[in-house]
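Reading the structure
Each chain, letter by letter, is given below.
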Amino acid sequence: MKVKLSDIIDAIEMTDQYSEYFLDKETGKVEWVSDMAMTQEEQEEVYDRLDEHGFYRLPTSFDIRDYDIMEDFIDTLSGSNHDRLASAIQGKGAFRRFKDAVIRLGIDKQWYDFQADAYKRKAARWCEDNDIEYEE
């Protein structure tokens, strides 16, 4: 089975604390299960199909660790941009302050490119760790 890396990246980008993504071993299709958007019956249908075919659980939001990605991005910066962003991610509301700061500093494209690359690396590493062939 060969999967599209973009499908894995999309799942990584969309994951949150209320949903999970799985890769169906038979079809290679990414399946989504959400506590917030699906009924219990709908969730069970997906789980039953996955149990029948076999599956891989894709990384969760806890595995992705977006905060670490923000810290890694900040480490690529120097001077006042570094200092402002390092300060922005301290305490409650860190993600909103970080996003506002990268826009205010005019480095939002640089941030989104960095984040996209981090997601791509995580998706490729996940495939490799699970011996899954992928195409870009």
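Note that the structure is predicted; figures quoted are calculated from it, not measured.

**Digging into the side chain of Thr15**
Relative to the assigned elements, Thr15 resides in the loop between helix H1 (5–14) and strand S2 (19–24). Residue classification places Thr15 among the buried positions, given a relative accessible area of 12%. Those residues in contact with Thr15 that lie beyond four places of it in its chain are Tyr21, Pro59, Thr60, Ser61 and Ile64.

**Considering the sheet that holds strand S4 (residues 55–57)**
Pairing is antiparallel across the open sheet formed by three strands, whose spatial order is S3-S2-S4. In this open sheet, the two edge strands, each paired with only one partner strand, are strand S3 (30–34) and S4. For this sheet, the mean inter-axis angle between neighbouring strands, taken without regard to orientation, is 30 degrees. Taken together, the three bridges between S2 and S4 define a ladder with antiparallel strand orientation. Considered in S4, the bridge of Asp24 is made with Phe55.

Quick notes on the rules
In every chain, residue numbers begin from 1 and rise along the written sequence. Per-residue local features are limited, in this predicted model, to residues with pLDDT of at least 70; the limit for side-chain atom pairs, both in listing and counting, is 80 or more; totals at the level of whole chains, interfaces and linings are taken over all residues. Hydrogen atoms and water are omitted, and side-chain values are computed over all heavy atoms in the structure. Labels follow the DSSP assignment, with helices taken as runs of H or I lasting at least four residues and strands as runs of E lasting at least two, numbered in each case from the N terminus. Remark: exposure states derive from per-residue accessible area (1.4 Å probe, protein chains only) relative to the maximum for the residue type, with buried under 20%, exposed over 50%, and partly exposed in between. Here, residues are in contact when the closest pair of their heavy atoms is within 4.5 Å. Here the rule is simple: two strands pair whenever DSSP picks up at least two bridges between them. Geometry is summarised by axes, namely lines fitted to C-alpha atoms with helices restricted to the contacting stretch, and by angles between N-to-C directions that run from 0 to 180 degrees.

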